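Next come the chains, spelled out residue by residue.
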Amino acid sequence: MEARAPYGALTAVKIPDKDSIMAYKVALYPGDGVGPEVIAEARRVLEALPASFEFTLFDWNSSLYASTGRCAPRDYLDRLMPFDAILLGALGDASKAPDHIAVEPLLSMRKGFDQYVNIRPTFLYDGVDCPLKNIAPGQIDMVVIRENTEGEYTDLGGRHYVGTPHEAAMQVNYFTRMGTERIIRYAFETARKRERRHLTSITKSNALKYSMVFWDSVLADVAKDYPDVTCAPMLVDAAAMNFVRSPGMFDVVVCSNLFGDILTDIAAIIVGGMGFAGSANINPTRRYPSMFEPVHGSAPDIAGTGKANPIAAILSAAMMCEFLGEVELAGRVRNAVRANLAGGRVRTPDRGGHDSTSAVGNDIIKKLQG
Ligand code: ATP
């Protein structure tokens, strides 16, 4: 199967002048659980490429909580700011820190660096077991574009009368015209670069009559600029069903923060599991660093056992290469991953194999060089 970017919009951003770059400055932020294990493999793959990366390791994670009450230093955004890109593993270890504190740097990076586009490609590779019936490799080929900075995940709300019988909690959904328009426009641009040129916009306009009806109206406005892209709305409950029932109908999908969070876990599972899903958190203006991370979490159940599948992290590193303008190298990494998957010989346990995280990394590097 031909290697090609499973998404199209990354290359639409301003590409730095390669001649002026000595080395891409990459912050490695492995985090918790399996994060360090999978990021180590992604790093080795990057080091095997004919490009120059200057890595700086930040070993911030939940272990810091006991001594500092935080999982990263106070100035972590300032310290990450000078980098071209951040490669993140996973954050969260409930045995060491409360979850909402552990993942705070992740949410702050997305908002503080205005990484308003979250891209999650979903592709069924040859050699991967699909849990759905009668689906051939390549028949699932979609990109979910998730709004990453507002919507349901804003820090607006509060709790009142805590601990009393009339305790109340309020969590505000916040959709701005600028935020909604720019994510929808990015999704249309992505669809425009793909063969099928079809966009599905996920809403819940029948129940959320302010935010989602607003979203629909912005979609209608933006759609006028893209007559070459077909576009259809779909309610989120129908989308959850259709991701399982007929995933082949989707090409590009655009959705809010919460809907995207949930739907992309389904998307990951239908193409083989959490070990295959890479993602990018993009600031398309390049004013701030963008961040690349596997969709999976810290997987505490397998952390430290050498069983984690590094492919999601490696595919995230490929997305990073593409974002940095190294489109051909990104394709090479994806081809090496394809070869590993299709070969089916070197596999972590989630793929029914007995090989370790680093054995899969070695095989992908061998395929890269072969
Ligand atoms: P989070 O809330 O941080 O996203 P989560 O609760 O969704 O995390 P994960 O840590 O992603 O959970 O793990 C979900 C399941 O997927 C676990 O059974 C875990 O072992 C498995 N899993 C996650 N990542 C991998 C991986 N890289 N390789 C193999 N299995 C994985």
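Residues numbered from 1 in each chain as written. Predicted model: local features only at pLDDT ≥ 70, side-chain atom pairs only at ≥ 80, totals over all residues. Heavy atoms only, no water.

**A word on the environment of Asp 237**
Formally: Starting at the N terminus, helices and strands are each numbered in turn, a helix being any DSSP run of H or I of at least four residues and a strand any DSSP run of E of at least two.
With respect to the helices and strands, the residue Asp 237 is situated in helix H8 (residues 236-245). Separated by 33 residues in sequence, Asp 237 and Lys 204 have C-alpha atoms that sit 8.0 Å apart.

**Considerations on the site of the ligand**
This is how the line gets drawn: Neighbouring residues are identified by heavy atoms, a residue being near a molecule or strand if any of them is within 4 Å of it. Whenever two N or O atoms come within 3.5 Å, that pair is a polar contact, provided that in protein one can donate a hydrogen and the other can accept it, and provided that, for residues adjacent in sequence, both atoms are side-chain atoms. Here the Shrake-Rupley method, with its probe set to 1.4 Å, supplies the accessible areas, and only the displayed protein chains count as covering residues. All amino acids are sorted into three groups, where Ala, Val, Leu, Ile, Met, Phe, Trp, Tyr, Cys and Pro are nonpolar, Asp, Glu, Lys and Arg are charged, and the leftover types, Gly among them, are polar.
The immediate surroundings of the ligand are formed by Met 274, His 296, Gly 297, Ser 298, Ala 299, Asp 301, Ile 302, Ala 308, Asn 309 and Asp 350. At 3.4 Å, a backbone N or O of Ser 298 approaches an oxygen atom of the ligand. Side-chain polar atom of Asp 301 to an oxygen atom of the ligand: 2.9 Å apart, as the coordinates give it. Considering the ligand on its own, with 620 Å² of exposed area, one finds that the protein chains cover 61% of that surface. Residue composition of the shell around the ligand, by class: four nonpolar, four polar and two charged.

**Topic: the pattern of salt bridges**
Heads up, the rule is: A pair is scored as a salt bridge if a Lys or Arg side-chain nitrogen falls within 4 Å of a carboxyl oxygen belonging to Asp or Glu. Here the term buried applies to any residue with accessible area under 20% of the maximum for its type, exposed to any over 50%, and partly exposed to those in between, with areas from a 1.4 Å probe on protein chains only.
For the structure on display, the rule yields 21 salt bridges. The partner of Arg 197 in a salt bridge is Asp 228, and the shortest N-O contact between them spans 3.5 Å. Residue Arg 197 is found in the loop between helix H6 (177-192) and strand S8 (198-203), and its partner Asp 228 is found in the loop between helix H7 (211-223) and strand S9 (230-235); the two are separated by 31 residues along the sequence. For Arg 197, a relative accessible area of 34% translates into the label partly exposed. Look at Asp 228 and you get partly exposed, because its relative accessible area is 29%. Put simply, Asp 141, Arg 194 and Asp 251 are held in one network by salt bridges that share partners.

**Some thoughts on the pairing of strand S10 (residues 252-255)**
Put simply, the test is: A pair of strands is treated as paired once DSSP finds two or more bridges between them.
Across the two faces of S10 the burial is the same, with Val 252 and Val 254 and Val 253 and Cys 255 all buried. Where strand S5 (residues 141-147) meets S10, four bridges bridge the pair, whose relative direction is parallel. Its bridge partner lying in S10, Arg 146 is registered against Cys 255. For S8 and S10, the ladder comprises three bridges, and the chain directions are parallel. When the bridges of S10 are listed, Ser 201 appears paired with Val 254.

**Some points on the domain arrangement of the protein chain**
The accessible area lost on association of the parts is a frequent measure of interface size. This is how it is decided: Domain extents, as shown, originate in an automatic or database domain assignment.
Under the domain assignment used here, the protein chain contains domain 1 (1-115 + 274-370) and domain 2 (141-270). For domain 1 versus domain 2, the distance between C-alpha centres works out to 24 Å.

**Some points on H8**
Given 3.6 residues per turn, any residue in an α-helix points the same way as the ones three and four places further on. Using the following cut-off: Here the arc refers to the set of directions running from the helix axis out to each C-beta atom. The contact criterion used throughout is that any non-hydrogen atoms of two residues lie within 4.5 Å.
Val 236, Ala 239, Asn 242 and Phe 243 are the residues of H8 that are buried. Buried residues of H8 fall within an arc of 115 degrees about the axis and therefore sit on the same side. Tucked inside the fold, the buried residues of H8 contact S5, S8, S9, S10 and helix H9 (257-270).

**Quick look at the pairing of strand S1 (residues 24-31)**
Under the convention used in this document: Crossovers are marked right-handed if the path from the first strand over the helix to the second runs clockwise, as seen with the strands pointing away from the viewer.
Where burial is concerned, most of S1 is hidden: seven out of the eight residues are buried. As judged from the five bridges shared by S1 and strand S2 (residues 53-57), these two strands associate in the parallel manner. Of the residues in S2, the one forming a bridge with Leu 28 is Leu 57. In terms of handedness, the path from S1 via helix H1 (residues 35-47) over to S2 forms a crossover that is right-handed. For S1 and strand S3 (residues 85-90), the ladder comprises five bridges, and the chain directions are parallel. The residue of S3 that forms the bridge with Gly 31 is Ala 90.

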